[in-house]
Amino acid sequence: GYQLRRELFLRHIYPIVMFAVLGTVISSVVCALILFGLQHLGCFSQFDPTLLELFAFGSLIAATDTVSVIAVLQAKRVDPHLFYVVFGESALNDAVALVLFNSFADLLRANKQYSYEALMAFFPEFFIDAIGSPLLGMLFGFAAAL
C-alpha cells in the first residue's frame, strides 16, 4: 500500500471495479449453483442446505487471494498497468465478498424464503453496505489524517 502509485491505480479504477464486483458476484453465483446442482444429483448424503445458504457459502469462497500472482507479476516486472489492475482487483474483491456475505446472512437471519419481498430486501441491504462501508472508511480516514 505504501508503494502504490495512485495515478496508475486511479487510471484503471473502472476495470478494477468491474473485475472486482462482477467477477466476485459471478463467481459467488456460479459456486452456489454448482453446489445446488450437485445437491440435486445426490452428491451430498445427509447435508441439505437451502439455495440461500449456498449463496452465502458461495460469497465466502468467491474472494480470491492473489498474493502469489501479484508476487510473480512483481518479480517478472510485467507491465505496470496489468500489475495495478490485478492488485486493485485483489484489494477490492474481498470487500465485495464481505458485502455479499453480509447481505445473504441478513436474509438467512431474517428467515426469508424465495420471494419478491426477499429479493427487494436483498438489494437495498447490498447497496447500503456497498456504498456505506467505503464512505464510512473514507470518513474515518479523513478524520485520522487531520
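Thresholds applied
Residues numbered from 1 in each chain as written. Predicted model: local features only at pLDDT ≥ 70, side-chain atom pairs only at ≥ 80, totals over all residues. Heavy atoms only, no water. Helix = DSSP H or I, 4+ residues; strand = E, 2+ residues; numbered from the N terminus. Expected span 1.5 Å × (residues − 1). Buried < 20%, exposed > 50% of the residue type's maximum accessible area, 1.4 Å probe, protein only. Contact = heavy atoms within 4.5 Å. Patch = residues over 30% accessible without salt bridge, like charges linked within 9 Å, V, L, I, M, F, W, Y side chains within 5 Å. Areas by Shrake-Rupley, 256 points an atom, 1.4 Å probe, with all protein chains shown as cover. Salt bridge = Lys/Arg side-chain N within 4 Å of Asp/Glu carboxyl O. pLDDT = per-residue confidence, 0-100. Axes fitted to C-alpha atoms, helices over the stretch in contact; angles between N-to-C directions. Parallel < 35°, antiparallel > 145°, perpendicular 65-115°, else oblique. Left-handed = near helix turned anticlockwise from the far one by under 90°. Nonpolar A, V, L, I, M, F, W, Y, C, P; charged D, E, K, R; others polar.

*Asks:* I keep staring at helix H3 (residues 51-62) and nothing clicks. Help me out?
*Replies:* Each turn of an α-helix holds 3.6 residues, which means side chains three or four residues apart point in the same direction. Its twelve residues give H3 an end-to-end C-alpha distance of 16 Å, which sits within 8% of 16 Å, the value for a rise of 1.5 Å per residue. If you check which residues of H3 are buried, you get Leu 51, Leu 52, Leu 54, Phe 55, Ala 56, Gly 58, Ser 59 and Ala 62. Among the structural elements, helix H2 (13-40) and helix H5 (80-109) are those in contact with the buried residues of H3.

*Asks:* What is the right way to look at a nonpolar patch on the surface in this model?
*Replies:* The grouping of Val 17, Met 18, Phe 19, Val 21, Leu 22, Ile 26, Val 30, Ile 34, Leu 38 and Leu 41 at the surface amounts to a nonpolar patch, some 870 Å² of accessible area in total. Structurally, Val 30 is set in helix H2.

*Asks:* Just to check I follow, could you spell out the confidence of the model for the protein for this structure?
*Replies:* For any part of a model where pLDDT is low, the fine detail of the predicted coordinates should not be relied upon. For the protein, per-residue confidence averages 80 on the pLDDT scale, and residues scoring 70 or more make up 90% of the total. Confidence, expressed as mean pLDDT per element, reaches its minimum in the protein at helix H4 (residues 67-75) with 74 and its maximum at H2 with 88.

*Asks:* In this structure, what is going on with the packing of H3 against H5? I would like to understand it.
*Replies:* Geometrically, a packed helix pair is captured by the angle between its two axes and the distance between the axes. For the pair H3 and H5, interaxial distance at closest approach is 8 Å and the crossing angle is 160°. Taken together, the axis directions place H3 and H5 in an arrangement best described as roughly antiparallel. Considering how the two elements wind past one another, H3 and H5 form a crossing that is left-handed. Contacts between H3 and H5 pair Leu 52, Glu 53, Phe 55, Ala 56, Ser 59 and Leu 60 from the former with Ala 97, Leu 100, Phe 101, Phe 104, Leu 107 and Leu 108 from the latter. Among the residues forming the contact of H3 with H5, the class breakdown is ten nonpolar, one polar and one charged.

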